[in-house]
Amino acid sequence: MSNLKQFLKSKSNLKGFKEEKDSDIIGLDIDIMKQDHANGVQIGEDCMIPKMRENFAWMRGHQNCWTGFPNDGKTEFTLFMMLIKALKSDWKWVIWSPEMKGANFVDGKIKVHYNILAYSLMSTLTSKTPYKHINEKYGIPLLTIDEMQELNKWIEEHFIFLDPQETKIDDIYNLLKRVFDKQGFDGVLIDPFKNIEPEPNKRDDQHLHQVFKRFKEFSIETNSSMNWVAHPKSGVTRVDNNGDLNPCNQYMLSGGAAWDNSMDGIYSIQRPNPFDEYDSNLTTFHNLKQRMQELVCQRGKVQDIRFDIKTRRYLFDGSDVV
């Protein structure tokens, strides 16, 4: 049995698959309706964090935007949510994040890798550190080689790291499709969006709409969760005319209308007091847009989230969810 067949067989399956008579026409399927009626329809999957459930769930076939101002923790928080889903629901993720890559000199050559990202995942999973200097400076327990080898095996089973040589829309789509057809996965993170090479002679909004249309279809074709990390455009201020501190929203992104129109979910990670307390670990999650709220979750915000830098874990109302 191929890896993809094994992956698909491990998922909750309906019965009675039928090919469409015309590939350009999708008919209704009464057999699926009957099973939906008896067992319930496919809804957003539990994020496995009690405090987050009302305002966040992983919905297959949806594409989401994760945003926030620099250093507010948008990538850190997104990766934490992905790790919890992998740990508690056995989800498999694909990540393309050039900013998280590192390199070493090895035998007179340069070896590029995602070890730094893996080290962060290891720290979150164990509350220990893989770093000798952190162990010596702060007294945080040092991971043993045996522990790292076991964790490395688990990470390789749940995370696939990409390093595409060509980065146009078709290149990334074809790479993700090839990976899915070979072994399957539950979700994708591209961090940040700007790494998709724009098409020549196309306006920014045309480029955005083309990318989002292509990958929305991809998320449906693979029944997976498609996720983007997006940075705010230059010149955007956090403070409004009333002096209130606002979270980064879709209109603060380049091509904001395209993000607002195309995303199924838009989530903003905010440090609510970055000016008064530079070292504050307080975080707020904002669900700014949620399509199909009756199937996924409600819009709203989750407060009293704190990031423990020593364990690299987010605490929700003081509770450790790992």
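Structure: see above.
Here the structure is a predicted model, which means the values were calculated and not measured. (Residues numbered from 1 in each chain as written. Predicted model: local features only at pLDDT ≥ 70, side-chain atom pairs only at ≥ 80, totals over all residues. Heavy atoms only, no water.)

### Notes on the overall build of the protein chain
Heads up, the rule is: Secondary structure counts use DSSP, requiring at least four H or I residues in a row for a helix and at least two E residues in a row for a strand, with both numbered from the N terminus. Each radius of gyration is computed over the set of C-alpha atoms, and the globule rule expresses the reference value as 2.2 Å times the number of residues to the power 0.38. Burial status follows relative accessibility: with a 1.4 Å probe on protein chains alone, a residue under 20% of its type maximum counts as buried, one over 50% as exposed, and anything between as partly exposed. A contact between two residues is defined here by any heavy atoms of the two lying within 4.5 Å. For the accessible areas, the method is Shrake-Rupley and the probe is 1.4 Å, while residue cover comes only from the protein chains on display. Charge assignment: positive for Lys and Arg, negative for Asp and Glu; neither His nor the chain ends contribute. All charge positions are set by atom: Lys at NZ, Arg at CZ, Asp at CG, Glu at CD.
Assigned secondary structure in the protein chain consists of nine helices and 14 strands. In terms of overall dimensions, the protein chain is globule-like: its C-alpha atoms have a radius of gyration of 21 Å, near the 20 Å expected for 322 residues. Expressed as lengths along the three principal axes of its C-alpha atoms, the size of the protein chain is roughly 65 × 55 × 45 Å. Taking all 322 residues of the protein chain together, 44% fall into the buried category. The contacts of the protein chain with a sequence gap of at least 6 include a subset with a gap of at least 24, amounting to 63%. About 17700 Å² of surface is accessible on the protein chain, with carbon and sulfur atoms providing 50% of the total. Side-chain charges of the protein chain comprise 42 positive and 46 negative groups, with the mean position of each set lying 2 Å from the other.

### Description of the sheet that holds strand S14 (residues 319–320)
As a general point, the strands of a sheet are linked pairwise by backbone hydrogen bonds and lie either parallel or antiparallel. Short version of the rule: Strand pairing is assigned whenever DSSP identifies at least 2 bridges connecting the two strands. Angles run from 0 to 180 degrees between N-to-C directions of axes, and those axes are lines fitted to C-alpha atoms, restricted for helices to the stretch in contact.
Reading across the sheet, the 10 strands line up as S7-S4-S8-S9-S3-S10-S11-S12-S13-S14 and stay open at both edges, with mixed pairing between neighbours. Either end of the sheet is taken by a strand with one partner, and the two such strands are strand S7 (159–161) and S14. Across four bridges, the pairing between strand S12 (residues 300–308) and strand S13 (residues 313–316) is antiparallel. Opposite Phe307, over in S13, you have Tyr314 as the bridge partner. In the packing of helix H7 (residues 169–183) onto the sheet, contacts are made with strand S4 (93–96), S7 and strand S8 (187–190), and the angle to S4 comes to roughly 155°.

### Focus: the pattern of salt bridges
Stated formally: The working definition used for a salt bridge is a side-chain nitrogen of Lys or Arg within 4 Å of a carboxyl oxygen of Asp or Glu.
Using the criterion set out here, one finds 20 salt bridges in the structure. Several salt bridges share partner residues, and in doing so they unite Lys11, Glu45, Arg60, Lys85 and Asp186 into one network.

### Re the packing of helix H4 (residues 115–126) against helix H6 (residues 145–158)
Two packed helices can be described by the angle between their axes and the distance between those axes. Applied cut-off: Note that the term roughly parallel is reserved for angles under 35 degrees, roughly antiparallel for angles over 145, roughly perpendicular for angles of 65 to 115, and oblique for everything else. Classification used: nonpolar for Ala, Val, Leu, Ile, Met, Phe, Trp, Tyr, Cys and Pro, charged for Asp, Glu, Lys and Arg, polar for all others including Gly.
In contact at an axis separation of 10 Å, H4 and H6 are set at 110° when each is read in the N-to-C sense. Classified by the angle between their axes, H4 and H6 sit roughly perpendicular to one another. Contact residues: H4 offers Ala118, Tyr119, Leu121, Met122, Leu125 and Thr126, while H6 offers Met148, Leu151, Asn152, Trp154 and Ile155. Taken together, the residues of the contact of H4 with H6 break down into nine nonpolar, two polar and no charged.

### A few points about helix H8 (residues 204–221)
So the rule is basically this: Helix span is expected to be 1.5 Å times the residue number reduced by one. The reported arc concerns the directions from the helix axis to the C-beta atoms and nothing else.
Compared with the 26 Å implied by 1.5 Å per residue over 18 residues, the 26 Å span of H8 between its first and last C-alpha is a close match. His207, Leu208, Val211, Phe212, Phe215, Phe218 and Ser219 are the residues of H8 that are buried. All buried residues of H8 lie within an arc of 125° about the axis, which places them on one face of the element. The inward-facing, buried residues of H8 abut strand S3 (63–67), H7, S8, strand S9 (225–230) and helix H9 (256–262).

### Quick notes on the pairing of S3
The buried fraction of S3 amounts to five of the five residues, a majority that puts the element mostly inside the structure. Burial along S3 is two-sided: Gln63, Cys65 and Thr67 and Asn64 and Trp66, pointing in opposite directions, are all buried. Taken together, the five bridges between S3 and S9 define a ladder with parallel strand orientation. Counted as the bridge partner of Thr67 is Ala230 from S9. Pairing analysis gives four bridges linking S3 to strand S10 (residues 265–270), with the strands arranged parallel. Each residue of the ladder has a partner; that of Cys65, found in S10, is Ile266.

Honestly, it's all geometry; don't read function into it.
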